[in-house]
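# Observations on the model geometry
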Amino acid sequence: MGVDLSMEIGLEICSFSIKVKNEPGALVNLHTYTGEDLIDKIKNQLYHLQELSQIESYKKTIELGKELGDGIIYKENRPYYKYLFFSVLSGEYGIQSTLKDMNTGDIFERNENHTEEIEFYICLLMPYGKGISKGLILLETIGARGAKTVTISKLSEYVKNIDDRFSLEVKPIAPYEYAKIILQNYKVQKVRLVKYSKNTDVSSPICEREEKIYINPTAAFSDKLKEKFPSILKKEKNSIISSGIVEIDEFEADDIKVVVDIDGKSKTIGVNNILSINAVEYITEHPSMEYDENNFPTAEA
């Protein structure tokens, strides 16, 4: 079993925190989590994954892979992050299909009990310092596949096992800043300006939709968009919301969707769903990447 390196290896970067039940806004200190820091607690819980586990709601399986370890990352001789590094084997089941070997043409029958076992690397990082309540989680992706859903599902279960007052919250990291960086540094391929208006038929709940699409927009238009983008969004408390209708090129848009080219891959940034943007960095060609004989990234890389 191996990986075709034409499929991009990526890292999805998210933040995580522990919320307290019935205490809005309260977050747990990750280093004094029930008398022991979170990473040590989670590491002990991960041993439950040594046997195959089914996530029935997603029809996915998850099992602890061959990698499991923790340590400290130092910066200028001072502890900077504590980390927990592990791998999971994950796949889907519940599918009946025929599989064909592309080279030999041999046919294999797959039934509902068969599942793939693709290995994905996961890393939890907790900064050192006083009152630390947020950390980072790095999740490997291979092409369009990943183990984010099942991994977070299991981590959430482990957090509740430790203390049922607590719940794990995982969010995209700095979506507003990430979107600005993407727009400033990569070529804009396409822009869709969307306007909604209420249907004149009062009995219909459906809104009318008008679009204006720009394919390979001019440099002048792209520059105008990048200049206006920070003002399209505004921060309100801990959320990011649309600042309302924005006029671009004499078109009053309720939503703006921008497609950018990131090293040959298309990524869409939408104003109205900015909080769901995935901060994925593609690392297939990164100088530090090393691969084993099956083209899987090594744990060290």
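Our subject is the structure that appears above.
What comes next concerns the included structure. (Residues numbered from 1 in each chain as written. Predicted model: local features only at pLDDT ≥ 70, side-chain atom pairs only at ≥ 80, totals over all residues. Heavy atoms only, no water.)

### Here's the deal with helix α1 (residues 38-46)
Keep this limit in mind: Type-normalised accessible area, obtained with a 1.4 Å probe on protein chains alone, sets the label of each residue: buried when under 20%, exposed when over 50%, and partly exposed for intermediate values. By the criteria applied, helices consist of DSSP H or I runs no shorter than four residues and strands consist of E runs no shorter than two, each listed in order from the N terminus. Working definition: the arc comes from the directions between the helix axis and the C-beta atoms, pointing outward to the latter. Should any heavy atoms of two residues lie within 4.5 Å, those residues are considered in contact.
Taken as a whole, α1 has its buried residues at Leu-38, Ile-39, Ile-42, Gln-45 and Leu-46. Buried residues in α1, looked at end-on, bunch into an arc of 125 degrees, giving them a common side. The inward-facing, buried residues of α1 abut β1 (9-20), β3 (60-75), β4 (78-92), β7 (118-127) and α2 (148-162).

### Here we look at the pairing of β7
Let me state the cut-off plainly: Here a strand pair is declared whenever DSSP counts at least two bridges between the two strands.
Where burial is concerned, most of β7 is hidden: 9 out of the 10 residues are buried. In this sheet, β7 lies alongside β4 in antiparallel orientation, the contact comprising 10 bridges. Bridged to Tyr-83 within β7 is Leu-125. Where β7 lies against strand β8 (residues 134-142), 4 bridges are found, and the strand directions are antiparallel. Paired with Cys-123 across the strands is Leu-138, a residue of β8. Connecting β7 to the antiparallel partner β8 that follows it, the hairpin turn spans 6 residues, and Gly-129 within it adopts a positive phi of roughly 145 degrees.

### Points about unusual backbone geometry
You will see that Asn-22, though not glycine, has its phi angle at about 65 degrees, which is positive. Here Asn-22 lies in the loop between β1 and α1. Residue Asn-22 is classed as exposed on the basis of its relative accessible area of 71%. Located in the positive-phi region is Glu-76, a residue other than glycine, with phi close to 55 degrees. Within the secondary structure layout, Glu-76 lies in the loop between β3 and β4.

### Quick notes on the pattern of salt bridges
Our working rule: We count a salt bridge whenever a side-chain nitrogen from Lys or Arg sits within 4 Å of a carboxyl oxygen from Asp or Glu.
Under the defined criterion, the tally for this structure stands at 13 salt bridges. Across the salt bridge formed by Glu-12 and Lys-148, the nearest N and O atoms sit 2.8 Å from each other. Of this pair, Glu-12 sits in strand β1 while Lys-148 sits in helix α2, and the two are 136 residues apart along the sequence. Judged by relative accessible area, which is 8%, Glu-12 ranks as buried. Since its relative accessible area comes to 26%, Lys-148 is described here as partly exposed. Here Lys-154 makes a salt bridge to Glu-157, at a shortest N to O gap of 3.2 Å. Placement of the pair is Lys-154 and Glu-157 together in helix α2, with a separation of 3 residues, close to one helical turn. If you follow the salt bridges from partner to partner, you end up with Lys-19, Glu-169 and Lys-171 in one network.

None of this, on its own, says anything about what the molecule does.
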